[in-house]
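# Reading the structure
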Amino acid sequence: MLPSLDAARRPPAEVDMGLLWSALLLLILGLVMVYSASIATAEGGRFSGNQPAYFLVRHSIFLAIGLVAAAVAFQVPLATWQQLAPWLFVAGFALLALVLVPGIGREVNGARRWLPLGFANLQPSELMKFFAVLYAADYTVRKMPHMHDLKKAFLPMAGAMVAVGVLLLKEPDFGALVVIISIAIGILFLGGMRARLFAVLIVLLLVAFTVLIVVSPYRRDRIFGFMDPWSDAFGRGYQLSHALIAFGRGELFGVGLGASVEKLFYLPEAHTDFLLAVIAEELGFAGVVAVIVLFALLVQRAFAIGRQAVSLDRLYAALVAQGIGIWIGVQGFINMGVNMGLLPTKGLTLPLMSFGGSGILANCVALAVLLRVDWENRQLMRGGKV
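Structure report, in brief.

Parameters at a glance
Residues numbered from 1 in each chain as written. Predicted model: local features only at pLDDT ≥ 70, side-chain atom pairs only at ≥ 80, totals over all residues. Heavy atoms only, no water. Helix = DSSP H or I, 4+ residues; strand = E, 2+ residues; numbered from the N terminus. Rg over C-alpha atoms; globule rule 2.2 N^0.38 Å. Contact = heavy atoms within 4.5 Å. Areas by Shrake-Rupley, 256 points an atom, 1.4 Å probe, with all protein chains shown as cover. Lys, Arg positive; Asp, Glu negative; His and termini not counted. Charge placed at Lys NZ, Arg CZ, Asp CG, Glu CD. Axes fitted to C-alpha atoms, helices over the stretch in contact; angles between N-to-C directions. Parallel < 35°, antiparallel > 145°, perpendicular 65-115°, else oblique. Left-handed = near helix turned anticlockwise from the far one by under 90°. Patch = residues over 30% accessible without salt bridge, like charges linked within 9 Å, V, L, I, M, F, W, Y side chains within 5 Å. Salt bridge = Lys/Arg side-chain N within 4 Å of Asp/Glu carboxyl O. Buried < 20%, exposed > 50% of the residue type's maximum accessible area, 1.4 Å probe, protein only. Expected span 1.5 Å × (residues − 1). Bend = angle between axes of the 7 residues up to and from the residue. Phe/Tyr/Trp six-rings, centres within 6.5 Å; stacked < 30°, edge-to-face > 60°. Pairing = 2+ DSSP bridges.

## Topic: the overall build of the chain
From N to C terminus, the chain includes 13 helices and three strands. The C-alpha radius of gyration of the chain comes to 21 Å, within 12% of the 21 Å expected for a compact globule of 386 residues. A principal-axis box enclosing the C-alpha atoms of the chain has dimensions of 60 × 60 × 40 Å. Here the contacts in the chain between residues at least 6 apart in sequence split such that 70% fall between residues at least 24 apart. In the structure as shown, the chain presents an accessible area of about 17,700 Å², 69% of it carried by carbon and sulfur atoms. For the chain, the centre of its 29 positive side-chain charges and the centre of its 22 negative side-chain charges are spaced 9 Å apart.

Below, the structure written as structure tokens:
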């Protein structure tokens, strides 16, 4: 069937509409579900003034700030981001160190991950994920002639990641470390690292993560709680057992928006780490599948934009686009796996959806940069300039 005359005359989109709509739908659904998941916590919390919409208002403000920052970031050429990449990485490292300074970093539930800003808290590890994408892509482009050399290509990046890892483990924030390491290794592999070297590094990382778990009592407890949450349902398996109950109650189409029982002080962190469990209970299997499909579409479009940049000989832009895809994909996969009982409990939020100002800000800016890569690709394909 031939397209209509109006469709033929319609100018092509300036940006990837599949990427844009998947991101917007995740943000909108996240806003709705954060409100639904947080009403009981807000009504029962003295810090919130017993206002049911406390988290909704704050999440809306964070979302507005994130979208404004995204609009600004979209105006910045990729060449500028590449020039700033090393400096942003250093700034992120300094913020991670600043968190650990007594009297400056804020401690919550035994973890020191936040810098108080008065009206909100800044979590440097969220910004560091974005900075890691920019820096790893720039590093890979600069080291491209030496990508088959372990000493010249991998060891300097490994040193940088170890330094970041030491700070993150001091907080501690093991989940953020896993995401950042995944970003760095993934970008190096996409940039031309030998498959054999990549396989060896994966094995070494698995060994290192195993050692970190074995030597840490609270990480060991999380592993044992994950393996059999019902053996200690009121202790180390408490979060996972209630997340699984939420999934079971949701069945196919859920109990209805706002009708979750588990969010009523049974499921901890319902509006942050375990938002997907509330989605499963209220919207059912259909709601969870919809979220997974939207994330899969977003990641697929990120890699497609990266491949298009490669065809235009824009290696840095390609690695940035695919690095953002790795970030969103890995973090989303870990959060979903934790909620479903497939992975041990980790303090990682669901990208674009969970409550948290730093995460929303970093995600929105990253997606704006991804859209910028796509926009520049389209300008070059039309014979224009960027």
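## What about the packing of helix α11 (residues 275-311) against helix α12 (residues 315-339)?
For the pair α11 and α12, interaxial distance at closest approach is 8 Å and the crossing angle is 160°. In terms of axis orientation, α11 runs roughly antiparallel to α12. The way α11 lies across α12 gives a crossing that is left-handed.

## Let's talk about a nonpolar patch on the surface
Taken together, the side chains of V57, I61, I65, L117 and F119 present a nonpolar region at the surface, about 480 Å² in accessible area. The topology assignment puts V57 in helix α3 (residues 54-74). Judged by its relative accessible area of 45%, V57 falls in the partly exposed class.

## Quick look at α11
In this model, α11 (37 residues) spans only 39 Å end to end at C-alpha, well below the 54 Å of a helix rising 1.5 Å per residue. Maximum bend of α11: about 130°, positioned at L283. Phi for D313, located one or two positions after α11, is positive at around 65°.

## Some points on the packing of aromatic side chains
Throughout the structure, instances matching the rule amount to eight aromatic pairs. Where F62 meets F355, the ring centres are 5.8 Å apart and the plane angle is 50°; that geometry is what we call tilted. Residue F62 is found in helix α3, and its partner F355 is found in the loop between α12 and α13 (357-381); the two are separated by 293 residues along the sequence. Ring centres of W81 and F130 lie 5.6 Å apart, and the angle between their planes is 80°; on these two criteria the pair is classed as edge-to-face. Residue W81 is found in helix α4 (residues 78-99), and its partner F130 is found in helix α5 (residues 124-142); the two are separated by 49 residues along the sequence. Across the pair, F130 and W81 agree in class, each one buried. Aromatic rings pair up to connect Y54, F55, F62 and F355 into one cluster.

## Here we look at the pairing of strand β2 (residues 111-116)
Bridge analysis of strand β1 (residues 106-108) against β2 gives three bridges, and the strand direction is antiparallel. Bridging from a neighbouring strand, V108 pairs with A111 of β2. Adjacent in sequence and paired antiparallel, β1 and β2 are bridged by two residues, among which N109 carries a positive phi angle near 55°. Where β2 meets strand β3 (residues 121-122), two bridges bridge the pair, whose relative direction is antiparallel. If you follow L115 over to β3, its bridge partner there is L122. The hairpin turn running from β2 into β3, its antiparallel successor, is four residues long, and G118 in that turn takes a positive phi close to 90°.

Everything listed here is a matter of geometry and, on its own, says nothing about what the molecule does.
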